[in-house]
Every structure is written in C-alpha cells, then in structure tokens.
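Geometric and topological summary
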Amino acid sequence: MGENNNMYPLYMERLIRLTHIEPFDHESYKELLSEICHTYRIAKGVTEFYQTPLMEQLGKGVSYCDFDDGTGTNILLRIRIVSPSKAIILGTVYTSYENDDYTNEEIVQIETMFRVILGFVSRRRLITLFDNYGFHDIDGYRNFRAFARFLDISNTENKLGGMIAFHIDLHNFTMVNQEIGRENGDIVIKRYYEAVEKAIGDSGIIIRLGGDKFVGVFERSVKRNVYNIFSGYLVQYDDVKERKIWVTAAAGIYMLPNPFMMKTYGDIMDKIMLAANTAKRQTSGSIVVYDDKMKKAKEHIKKIQTDFRDALKNEEFHVYYQPKVNMETKKLKGAEALCRWIKDNTIIPPNDFIPVLEINTDICDLDFYMLDHVCKDIRRWLDEGKEVVRVSVNFSRKHLIDVDMLPKIIDTIDRNNVPHEYIEIELTETTTDVLFSDLKRVVCGLQEQGVWTAVDDFGVGYSSLNLIRDIPWNVLKIDKSFVPKNIEDEESISNKMFKHVISLAHDIGLECVIEGVETLDQLAVLRKNNCNIVQGYFFDKPLPLQEFEQRLVQQVYDINY
C-alpha cells in the first residue's frame with residue numbers, strides 16, 4: 001500500500017503530461033499503462049466509445065484495450081461518462097480473483113487515474129469524430145471540404161500541375177433506382193465510387209457532391225484505368241444472387257497544365273462543370289475534355305439569357321410560317337409557326353438561342369409568346385375574310401412539369417377569340433414514365449377542347465409505338481431522316497419500316513406530315529407510300545408574315561413535278 005501511495009503522484013504527473021502534449025507518444029503511453037496496471041494489480045483495462053445513447057444500446061461503438069495480461073475476470077471498477085454532445089464513454093477495470101483485495105484509497109487512486117485516461121480517450125475520439133464529420137457526408141463519402149483540403153495541400157506543395165480533374169454524373173440513375181430499388185441503387189453508387197477510388201489510388205481523391213455526382217483529381221499515370229470506369233463499369237449489387245448492372249457516367253475533364261497554381265477553387269470547378277454539362281448532352285459513357293470553346297459557349301449562354309427578357313418585351317421575336325402542302329392537290333393545307341429572333345436587323349439563328357432557352361424555363365415563356373402572336377394573326381385573317389389554315393405551334397417538353405399548362409394554352413387561344421380547330425400544338429416524344437403520363441394528360445385535355453395535337457420529329461429519337469398507341473394524337477410529323485433514301489430497294493429495312501409506320505398511322509386515323517422535303521426523289525417515295533401532306537424547301541422555306549399572307553391568298557402552288 002505504501003508503495004502505491006509513493007508512486008501515485010508520479011503516475012498522475014506522467015499521465016497528465018502524456019495525454020496533453022502533442023504529438024501523442026503512443027508507445028510511452030502504453031508503457032506507463034503497463035506500469036500502473038502491474039503496480040495496482042490490474043489485469044485488463046477497456047474503454048468504449050459510442051456516438052449516441054442509441055448506438056450504445058445497439059452496441060455500435062469502438063473499444064480500446066491497451067493492456068491485458070489474460071487473467072482479467074473480475075470487474076473492479078466501471079465508469080460511465082456522458083459528454084455535452086451526448087457521446088458515451090465507458091471504462092471498465094478488471095482484476096484476477098487472486099488479487100482482488102483493494103483498500104478504499106487504492107480504489108480512489110485507480111478511479112482518478114482511469115478518469116484521466118477516459119477523458120483523454122474521449123477527447124481524441126471526439127476530435128477524430130468531428131474530423132470525420134467535417135470531411136465526410138452522412139453516408140460516409142468524402143465531401144467537398146475534403147476535396148478543398150486536398151487541393152489546398154497539393155497546391156501549396158506545387159503538386160497540382162499535370163493532374164486531371166473531373167466531374168462525373170452517373171447516367172439515368174433515377175431509372176436504375178426504379179429498376180432495382182433505391183437500396184440496391186445506393187449499393188451500386190457506393191461500389192462504383194470505391195472502384196474509382198481504387199483506380200485513382202492515394203495520389204488523388206474522389207468526393208461526392210451529392211446523389212450520383214462526384215468530383216476529384218488524379219494523376220495522368222492512372223488515366224486509362226479511370227477513363228475505363230467512366231466509360232462503363234459492371235457493378236455487382238447482390239452478392240448472393242450475383243446480380244450486376246452496367247453503369248456509365250457523363251464525365252467532364254480538365255487537364256491541368258504544368259505548371260499550375262490554383263488561385264480559387266473555381267479555376268478547376270468551373271471548367272469541369274462546363275465539360276460535364278456538355279458530356280450530359282451526349283451519349284452514355286461520354287468523356288468530354290474542357291477547352292476554351294466551352295468558355296466562349298458559357299459566355300454566349302449568359303448573354304442570351306441576359307438579353308432574352310428585353311427581347312421578349314421589345315417583341316424582337318417574329319413568327320415565320322412554313323407552309324404544309326397537299327402534294328396531290330398542290331393546295332396549302334396548313335403551316336408551322338417558327339420563331340426568328342431579329343435584333344438590330346440581323347436574324348439570330350434558332351440553333352443559337354433555342355437550346356440556351358431550354359436550359360431553364362425561358363423557353364416556356366417564348367412558346368406562349370409565339371402562341372399568342374399566332375392567335376392574333378389568325379384572328380386578324382379571319383376578320384379580313386381570308387381562307388385560314390390550321391397553324392401548328394411548338395411547345396417544349398419543359399412545359400410538362402407545369403400542372404397549369406393546359407388551362408394556360410386554352411386561355412391564350414380564347415383570349416384572342418380564335419376557334420380551337422385552327423390551332424395545333426406540337427410536342428416531342430419523351431422517354432420517362434412520369435413525363436409520358438403528363439404528356440398523355442395534356443394531349444387528352446387538348447383533344448377535349450378541340451385543339452389539334454401533333455407528335456413532332458417522329459423517328460428521330462427512340463420512338464416507341466406506345467407513343468401513338470396510348471396517346472390520341474391527331475397528327476404524326478415524321479422527320480425526313482426516317483424517309484427511305486432509295487425508292488428502288490423495296491426490300492430494305494428502311495423502306496419496309498417507313499411503309500408500315502405510314503400504313504399503321506393511316507389505319508388508326510392519324511394525319512401524316514413529312515418534314516424536310518426538298519427533292520423530287522423524296523416526293524416520289526412519299527407518293528408511293530400515300531404520304532400526301534409535306535413540309536419543306538421544295539415548296540417553301542419558313543416565310544415572314546407578309547409573304548405567308550400572300551400564300552393564304554394564293555392557296556394553290558403553281559409548280560410542276
């Protein structure tokens with residue numbers, strides 16, 4: 001007992017010094033614990049750490065045992081500490097049955113030293129925990145703070161030059177979750193992440209921005225391995241049944257020059273985001289490398305979006321009408337309203353602004369602007385006694401998320417006092433079940449109101465027969481790319497498909513309009529397949545208002561073929 005009393009102050013001094021000085025000397029700490037345990041006849045000491053009381057109940061924590069002589073069977077002391085953050089720290093001291101005769105003073109000394117040890121363990125564990133929370137998200141993925149720290153350190157050490165930065169977005173993951181379930185989808189994302197992480201190695205990093213979006217950097221020496229995973233990787237998500245799924249990503253890449261010094265994170269993030277946005281508009285498994293053209297494209301997008309509101313207010317957008325002609329009678333059958341932006345007497349091509357407006361919902365405002373102006377023209381033609389034809393107006397797929405789309409269309413038509421049969425709304429096919437349902441709802445609603453509907457660009461995408469089976473369209477607009485090139489080769493797949501699609505459309509009562517007709521050969525193919533209504537440069541390009549009004553008066557084309 002006297003020996004213990006003499007050693008106790010020394011042990012306390014050494015414990016406090018070792019547990020409060022950095023860097024922590026783990027070996028010296030273990031040696032001191034061993035001395036204390038031998039002196040006080042302690043067989044084993046165990047500490048446990050739980051983040052929350054619930055995790056303590058579930059037994060989900062971490063434990064440490066820095067001394068165990070193999071004889072500890074009797075619990076001498078158990079201490080439970082609850083931190084202000086509600087973390088739980090448990091400490092248990094064991095002795096052997098042969099050495100369990102302790103005085104009260106010894107128990108107090110052991111408890112005091114053990115509380116110092118528990119405080120030290122809990123402090124270090126909490127620091128580790130907070131560090132983990134700071135640099136990882138709730139699902140255990142490294143987060144943007146971890147990416148920023150990696151970039152900062154590498155930049156300070158001048159190691160970023162020559163590395164490859166990336167942003168990836170896994171393709172069609174909403175559909176993957178629908179197909180295999182969200183729980184399995186989470187497993188797929190995690191294992192894909194781990195595959196990229198392994199390919200990158202310790203010299204780089206991958207972190208999750210959120211959902212199925214990731215960014216990171218890696219050295220050029222592992223480029224091929226990483227690119228292979230971006231292009232497509234087979235992920236096993238069910239180890240029992242060995243079920244797998246092929247995962248591809250849209251990857252935006254920025255090759256960091258060498259040397260390279262980062263001033264802000266935007267020096268990297270802006271470029272990989274631009275490249276990734278381009279990749280997402282391409283095929284699955286696409287990898288797009290940033291170049292200066294993308295920067296110019298971004299500036300162009302910003303300018304279009306900035307100028308759009310003023311252009312709308314100043315009515316810089318004009319309606320051009322491209323006639324639809326019955327090629328048997330050569331008579332004007334209808335027209336499609338096409339938008340032209342005329343700014344400072346210069347026409348801005350639609351391809352320069354329509355895709356930009358479709359990035360957000362600006363295109364929806366333009367569509368209703370066009371419908372309103374078409375209705376105003378039709379109302380005026382009717383008042384002037386002209387022979388009016390039905391006019392089709394394009395509506396973007398972006399409208400389908402608007403539950404008020406249908407009443408807004410009807411209100412625009414009625415506000416201009418236009419009979420509904422003179423308006424046709426053109427909509428494009430969609431590939432998702434949710435949008436397909438919305439598309440059907442809108443088309444059926446327009447039908448009930450007597451407004452014509454057309455499915456646009458049939459044959460351009462992966463058109464499904466469900467599109468014309470389940471939705472009651474009036475008109476099927478077929479793109480010229482679907483029209484066979486060689487009329488003589490009747491046994492070709494393209495000829496057979498075209499012939500049967502047209503026959504099917506006619507059988508179910510759809511009016512067929514062929515777009516982009518420019519040559520006599522195309523006309524011959526169409527006549528042979530009973531396609532009478534055509535639209536294209538062979539008859540007319542899109543016409544400004546006054547020229548189209550002349551067509552309304554003329555009605556019949558003076559042309560031979």
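Scope of this entry: the structure provided in the associated data block. (Residues numbered from 1 in each chain as written. Predicted model: local features only at pLDDT ≥ 70, side-chain atom pairs only at ≥ 80, totals over all residues. Heavy atoms only, no water.)

Brief notes about the overall build of the chain
On a plain count of helices and strands, the chain comes out with 18 helices and 20 strands. For the chain, the C-alpha radius of gyration of 36 Å lies well beyond 24 Å, the compact-globule estimate for 561 residues. A total of 561 residues make up the chain; the buried ones form 47% of that total. Within the chain, contacts between residues at least 6 apart in sequence are counted, and of these 67% link residues at least 24 apart. For the chain, the accessible area works out to roughly 29400 Å², and carbon and sulfur atoms hold 50% of it. (Helix = DSSP H or I, 4+ residues; strand = E, 2+ residues; numbered from the N terminus. Rg over C-alpha atoms; globule rule 2.2 N^0.38 Å. Buried < 20%, exposed > 50% of the residue type's maximum accessible area, 1.4 Å probe, protein only. Contact = heavy atoms within 4.5 Å. Areas by Shrake-Rupley, 256 points an atom, 1.4 Å probe, with all protein chains shown as cover.)

Examining the packing of aromatic side chains
Counted according to the given criterion, the structure contains 24 aromatic pairs. Both rings, one in Tyr-254 and one in Tyr-290, keep their centres 5.7 Å apart while their planes meet at 85°; by these two values the pair is edge-to-face. Of this pair, Tyr-254 sits in strand β10 (residues 249-255) while Tyr-290 sits in the loop between β11 (287-289) and α10 (292-313); the two residues are 36 residues apart in sequence, bridging distant segments of the chain. Residue Tyr-254 shares its accessibility class with Tyr-290, and that shared class is buried. Ring pairing ties together the aromatic residues Phe-308, Phe-317, Trp-341, Phe-353 and Tyr-369, which thus form one cluster. Sitting over the face of the ring of Phe-135, Arg-149 holds its NZ or CZ atom 3.7 Å from the ring centroid. (Phe/Tyr/Trp six-rings, centres within 6.5 Å; stacked < 30°, edge-to-face > 60°. Lys NZ or Arg CZ within 6 Å of the ring centre and 35° of its normal.)

A short note on empty space enclosed by the protein
For the structure shown, the criterion picks out one cavity of 30 Å³ or more. The space that makes up the largest cavity amounts to roughly 40 Å³. Surrounding the largest cavity, Lys-324, Lys-333, Gly-334, Arg-390, Glu-424 and Glu-511 form its lining. Across the lining of the largest cavity, the residue classes tally to no nonpolar, one polar and five charged. (1 Å grid on protein atoms, 1.4 Å probe; cavity = no way out; pocket = protein on both sides within 12 Å on 5 of 7 lines; lining within 4 Å. Points joined across faces, edges and corners; volume = space filled by probe spheres on them. Nonpolar A, V, L, I, M, F, W, Y, C, P; charged D, E, K, R; others polar.)

Points about helix α5 (residues 144-156)
Taking 1.5 Å per residue as the helical rise, α5 with its 13 residues ought to reach 18 Å, and the 18 Å between its terminal C-alpha atoms agrees with that figure. Three or more residues of α5 are buried, namely Ala-146, Phe-147, Ala-148, Phe-150, Leu-151, Ser-154 and Asn-155. The residue sitting at the N-terminus of α5 and contributing the capping side-chain oxygen is Asn-143; that oxygen lies 3.1 Å from the backbone nitrogen of Arg-145. Two residues or fewer after α5 comes Asn-158, characterised by a positive phi angle close to 60°. (Expected span 1.5 Å × (residues − 1). Polar contact = N/O pair within 3.5 Å; in protein donor to acceptor, adjacent residues only side chain to side chain.)

Focus on the pairing of strand β4 (residues 88-95)
Summarising burial for β4: eight of the eight residues are buried, a large majority. Side chains Ile-88, Leu-90, Thr-92 and Tyr-94 of β4 all project onto a buried face; the interleaved residues Ile-89, Gly-91, Val-93 and Thr-95 project onto the opposite face, where all are buried too. Bridge analysis of strand β3 (residues 74-82) against β4 gives eight bridges, and the strand direction is antiparallel. Across the sheet, Leu-77 pairs through a bridge with Val-93, a residue of β4. Connecting the antiparallel pair β3 and β4 is a turn made up of five residues, with Lys-86 showing a positive phi of about 75°. (Pairing = 2+ DSSP bridges.)

So, the sheet that holds strand β2 (residues 62-68)
If you walk across this open sheet you meet the four strands as β2-β1-β4-β3, and the pairing is antiparallel. Single-partner strands in this sheet number two, and they are β2 and β3. Averaged over all pairs of adjacent strands, the angle between strand axes in this sheet comes to 15°, irrespective of strand direction. (Axes fitted to C-alpha atoms, helices over the stretch in contact; angles between N-to-C directions.)

A word on the packing of helix α6 (residues 173-180) against helix α7 (residues 182-200)
Running from N to C, α6 and α7 point in directions that differ by 125°, and their axes come no closer than 7 Å. Judged by the angle between their axes, α6 and α7 are oblique. For the element pair α6 and α7, the recorded crossing hand is right-handed. Contact residues: Phe-173, Asn-177 and Ile-180 in α6; Arg-182, Asn-184, Gly-185, Val-188 and Ile-189 in α7. (Parallel < 35°, antiparallel > 145°, perpendicular 65-115°, else oblique. Left-handed = near helix turned anticlockwise from the far one by under 90°.)

Quick notes on the layout of surface pockets
Over the atoms rolls a probe the size of a water molecule, and in doing so it shows where empty space is left. For the second largest pocket, the calculated volume is near 440 Å³. Together, 24 residues line the second largest pocket, and Tyr-29, Leu-33, Asp-66, Ile-117 and Val-121 are the ones closest to its centre. Among the elements of the structure, α2 (26-39), β1 (44-50), β2 and α4 (104-135) are those that each provide at least two residues to the lining of the second largest pocket. The greatest single-element share of the lining of the second largest pocket, amounting to nine residues, is contributed by α4. Here the lining of the second largest pocket is composed, by residue class, of 17 nonpolar, four polar and three charged.

Regarding the nonpolar core
Core analysis: the biggest nonpolar cluster contains 80 residues, and Phe-317, Leu-366, Ile-423, Trp-473, Phe-498 and Ile-514 have the highest contact counts within it. The dominant element in this core, judged by the number of residues it contributes, is helix α12 (residues 362-383), at eleven residues. Those residues in contact with Leu-366, other than ones at most four positions away along the chain, are Phe-308, Leu-312, Phe-317, Cys-339, Phe-353, Ile-354 and Leu-357. (Core = buried A, V, L, I, M, F, W, Y, C linked by side-chain atoms within 4.5 Å.)

What about unusual backbone geometry?
Residue Pro-259 is reached from Asn-258 by a cis peptide bond, and omega for that bond is 10°. Looking at where Pro-259 falls in the secondary structure, it is placed in the loop between β10 and α9 (266-280). Of note in the backbone geometry, Asp-344 takes a positive phi value of approximately 55° without being a glycine. Structurally, Asp-344 is set in the loop between β13 (331-343) and β14 (346-348).

A short note on the sheet that holds β10
The strand order across the open sheet built from five strands is β6-β7-β5-β10-β11, with neighbouring strands paired in mixed fashion. In this open sheet, the two edge strands, each paired with only one partner strand, are β6 (205-210) and β11. Strand-to-strand twist across the sheet, computed as the mean angle between neighbouring axes with direction ignored, equals 20°. Pairing of strand β5 (residues 164-170) with β10 involves seven bridges; the strand directions are antiparallel. Residue Leu-170 lies in a different strand from β10, and its bridge partner there is Ala-249. Helix-sheet contacts for α7 involve β5, β6, β7 (213-218) and β10, and the interaxial angle to β6 is about 150°. In the packing of α9 onto the sheet, contacts are made with β5, β7, β10 and β11, and the angle to β10 comes to roughly 140°.

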